[in-house]
Every structure is written in structure tokens, then in C-alpha cells.
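Each chain, written out:
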Amino acid sequence: MRKEWKYRLSCGFLALAMAGIEPTWIYAEQNHVSESQESVSEEESAAQSQESSSEEEGAAQSQESVSEEEGAAQSQESSSEEESAAQSQEPSSSTEGALQEQEFFAEGENLLTTDEQIDAYFDGAVFVGDSVMVGYSNYAMRRGGPFLGRLQFLSAVSFSAFNALRPVTAKSTHPLYQGQKRYIWESLAMMQAKKVFICFGLNDIDMGPLERTGERYAQVIANIKSTCPEAEIHIMSMTYMRSARAKGRLNNPSIAQFNEMMRQMALNNGWGFVDIANPLADASGQLASQYCSDNYVHQTNAAYDVWSQVLREYAKSQLEGTSAYTVGGEKTPEEDVPEESQEKTAEEQETPSEQETDETQGSRVIGPKENRNQGGPGVPKESEESTEMAES
């Protein structure tokens, strides 16, 4: 009985023990599982919240990207619209630009003066002068070409403004035209001169005050305008000389003063003015040695090369309207000359005997190989010696 009781008691304790331990372990495990489930649930909820937030962020980003894409699309559309508008405007703009470009080049072509236009400027041009001009006529005849071949000349050794007003005689220095001596204004009318280039002074400057020479110059021009009213007048400066050969008023300072007087007269009267003197001068203000053929006043081919260059540059400035000397103006040469002195006839001129004073003889610039035994000086024929000097 006792043993059975003890057995039962032991079994009860064992059962209790087992009953107490097992539920505790089960409950702990359940609690642990619950806690794990809760933590998992929390983690899942957190993950879900993160996912939801990520999804929200992604959605927001996607919305933003969509918005950006829409904005970009709108901007592209607006830019496309602007481009299309610009393209629609481009034809007119390009047309206007093309027209402006054409106008610009047309104006440029008008401003650019060609060699042919410069050559053509000298159609109908006649060059009047003394022995220095005779040298240029010989040079032009030898060289020829589209420029020099156009030039015409009325020149003679010892010719001057003073001599141009003298009566025409067998001994006078008037240039020949068609085998006969005439007043130059008569010859110019026969030649139908359009432009008259005059180079006087070397045979005038020692014959009295410079102002008197200027008056004679103006008288000659007035006579030319009376027979050739449409002809342009162009004054060419007197060229310098070698200083060692100066005599009386024929010296370089007087030549410079004379040229300035004629330049001012040209400005006042609407005449052209071509400066030949300074391009041929050296640093001391005299005719440069390489341009002088006789150590006096006459010139070499190299000098006449300069003449041609200067004349062409002058023609270009006249054609382009950049010259300081506008040819043709309101004031006419006749305004500087008393009416009673115009178109003086041979009878009104002083007789040769009255003019051939010692002063006149001393001022004459004699050209090379002048023939003094044939009734007065004529157009010189260059000797071989002078030609060699000219071409050196």
C-alpha cells in the first residue's frame, strides 16, 4: 500500500514536474515564436512601409520624371515652335541678307576701279608743255600700250605760258599740229580735247614775279575754255631741278612756291592738280639724280615711269571721287582774268622783238639737241647719248 502510494506520489510529482516544465517550455517557445512573429511582422511592416515609401518615392520620382519629360517635351515643343517660326522667318531673312550682300558687292564693284577704267579716263586727254613734256611724249611713243597709247601731246621745247600768248610765227615756239603751228586753244579744239593737262613754268619763272606768271597761266586757260568749254583743266606741277644749276629765279625754292600758288589756283577755280614734283624729289628737295638725264631739269625714263604711276593714281582718285581737287566748279577761270585781256589776237600781243629781252633768253630751258638754225627751237630728237642716259 505504502509502496503504491509512494509510486503514485512519485508519478504525480513526475507528472506535475512534467506538466509544469512542459507548458513553460511550450509557452516560452510560443512566446518566442510570437515575439519572432511580431518582430517579423514589424520588420515586414517596416519593409512594407519602406516599400510603400519607396514606391511613393518612386511614384513621385516617376511623376517628377514624367513632369520633367513633359516639361522637356513642352520645351522641345516650344523650341520646335520657335525653330519653325525662325525657319518660317529664315527665307525672308535669308532673302534680305542675300539682297544686302548683292547690294554690298554691287557697291564694292562700283567702288573698285579697274585698270581698263583708268586707261579709259585718258581718252581725249591732251598734254601741253615744254621740253620736259616733250621727253614724256617721246617716252610714251616708245612704250605704247593701253595707257600711254591713248595720250596726245601739244608740246615744244622752250614753250611756256608766256610763249603760248605770243603771235604764231615761223620762229615762235607754238607746237605743231597736223604740220602747222597754231595757238594751242585752236589745236585743242581741232583735237576735240576732253581733258587738258598743262605743265608750264620752267620757261616762265625767271620772267618776273610769280603772280604775273600765274596771270599768264590763267589767261591761257581762259583761251582754252573759250574754244573747248567742256574740256577739263588739270594743272601739272613744275618739276624740280638739280640745285647746282640754279640761276636767278629758276631755283627749287621758287619752284616750290610756284607749285603752291598753282595748287591754290586749281582749288579756287575747279581745276585738277597733279603733283609730279615731290615724287621725283630727293631728301634735299631737288630733282633726284636717278631721275635727271642732264644734271639740270630734263628727265630719265625712270622719272617718266613715276609720271605714269602718279597720273594713273590721280585718275583713280578722280574716278572714285577721293581726289582733293574736284574738277569743275561754280567759279570759272574767266573770273580771274579781266574781260579785255581775253582771247588776245596776234595783233594785240607784244612783238617778238619786244619780248626777246635778255631776261627771256636767260630763262629759256633748252632741250637736248635743239636746232637753233631753223627759225627757232623745235621738238628735240633724243640723241643716242641722251637715250642711254635716260635708260640708265
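In case you missed it, the structure is sitting above this.
Everything numeric in this text was worked out from a predicted model, so none of it was measured.

Parameters and conventions
Residues numbered from 1 in each chain as written. Predicted model: local features only at pLDDT ≥ 70, side-chain atom pairs only at ≥ 80, totals over all residues. Heavy atoms only, no water. Pairing = 2+ DSSP bridges. Helix = DSSP H or I, 4+ residues; strand = E, 2+ residues; numbered from the N terminus. Axes fitted to C-alpha atoms, helices over the stretch in contact; angles between N-to-C directions. Contact = heavy atoms within 4.5 Å. Expected span 1.5 Å × (residues − 1). Buried < 20%, exposed > 50% of the residue type's maximum accessible area, 1.4 Å probe, protein only. Polar contact = N/O pair within 3.5 Å; in protein donor to acceptor, adjacent residues only side chain to side chain. Core = buried A, V, L, I, M, F, W, Y, C linked by side-chain atoms within 4.5 Å. Right-handed = clockwise from strand over helix to strand, strands pointing away. Phe/Tyr/Trp six-rings, centres within 6.5 Å; stacked < 30°, edge-to-face > 60°. Lys NZ or Arg CZ within 6 Å of the ring centre and 35° of its normal. Parallel < 35°, antiparallel > 145°, perpendicular 65-115°, else oblique. Left-handed = near helix turned anticlockwise from the far one by under 90°. Nonpolar A, V, L, I, M, F, W, Y, C, P; charged D, E, K, R; others polar.

We now examine the sheet that holds strand β5 (residues 195–199). Pairing within the open sheet is parallel, and its five strands lie in the order β2-β1-β5-β6-β7. Whereas interior strands pair on both sides, the edge strands pair on one side only; in this sheet they are β2 (152–155) and β7 (272–274). Averaged over all adjacent pairs, the angle separating strand axes in this sheet is 25°, with direction ignored. One ladder, built from four bridges, connects β5 with strand β6 (residues 232–236); its direction is parallel. In the sheet register, I198 faces β6, and the bridge partner there is I235. The strands touched by helix α3 (residues 131–143) are β1 (125–129), β2, β5 and β6; relative to β2, the strand with the most contacts, the crossing angle is about 150°. Those strands touched by helix α7 (residues 210–227) are β5 and β6, and its axis lies near 155° from that of β6.

Right, let's get into helix α8 (residues 252–269). For α8, with 18 residues, the first-to-last C-alpha span of 25 Å sits near the 26 Å given by 1.5 Å per residue. Where α8 is concerned, the buried positions are N252, S254, I255, F258, N259, M261, M262, M265, A266 and N269. Those residues of α8 that are buried lie in contact with α7, β6 and β7. The N-cap of α8, judged by a side-chain oxygen 2.9 Å from the amide nitrogen of S254 a few residues on, is N251. Of the residues one or two after α8, G270 is the one with positive phi, at around 75°.

Before going further, it helps to examine the pairing of β1. Taken across its five residues, β1 has five buried, putting it largely inside the fold. Where burial is concerned, the two faces of β1 agree: the one with A125, F127 and G129 and the one with V126 and V128 are both buried. Of the strand pairs in this sheet, β1 and β5 are connected by five bridges, and their pairing is parallel. Bridge assignment links G129 to a residue of β5, and that residue is C199. Two strands pair when backbone bridges link them, and β1 and β2 are joined in this way by four bridges, in the parallel orientation. Its bridge partner being in β2, F127 is matched across the sheet by F153.

Counting 78 residues, the largest nonpolar core has F122, F127, Y136, F197 and M236 as its most contacted members. A total of eight residues in this core trace back to one element, the largest contributor, which is helix α9 (residues 301–320). Every residue in contact with F122, bar those within four places of it in the chain, is listed here: F127, F147, R150, L151, F197, L311 and A315.

Time to look at the environment of A218. Its location among the elements puts A218 in helix α7. When the C-alpha positions of A218 and M265 are compared, they lie 8.8 Å apart, and in sequence the two are 47 residues distant.

Turning next to the pairing of β6. On any regular strand, side chains alternate: one points to one face of the sheet, the next to the other face. Buried residues dominate β6, accounting for four of its five residues. Each parallel crossover has a hand, and the one from β5 via α7 to β6 is right-handed. Looking at chain direction, β6 and β7 are connected through three bridges and run parallel. Paired with H234 across the bridge in β7 is G272. Each parallel crossover has a hand, and the one from β6 via α8 to β7 is right-handed.

Enumeration over the complete set of coordinates arrives at 18 aromatic pairs. Ring centres 5.0 Å apart and planes at 70° place the aromatic pair F122 and F147 in the edge-to-face group. On the criterion of sequence distance, the pair formed by F122 in the loop between α2 (115–121) and β1 and F147 in helix α4 (residues 145–148) is long-range, its members being 25 residues apart. Centre to centre, the rings of F127 and F197 are 4.6 Å apart; their planes meet at 10°, and the pair counts as stacked. Of this pair, F127 sits in strand β1 while F197 sits in strand β5; the two residues are 70 residues apart in sequence, bridging distant segments of the chain. Both residues of the pair, F127 and F197, count as buried. One aromatic cluster is present, formed by Y121, F122, F127, Y136, Y139, F147, F153, F197, Y304, W307 and Y314 through successive ring pairs. A cation sits over an aromatic face here: K195 above Y121, 4.3 Å from the ring centre. In this structure, R245 is placed above the aromatic ring of Y296, and the distance from its NZ or CZ to the ring centre is 4.4 Å.

Here the focus is the packing of α7 against α8. The interhelical angle for the contact between α7 and α8, taken along N-to-C directions, is 45°, at an axis separation of 10 Å. As the angle between them shows, α7 and α8 are arranged oblique. As for how α7 packs across α8, the hand of that crossing is right-handed. In this structure, α7 uses L210, E211, T213, G214, Y217 and A218 to contact α8, whose residues at the interface are S254, Q257, F258, M261, M262 and M265. A class-by-class count of the residues in the contact of α7 with α8 yields seven nonpolar, four polar and one charged.

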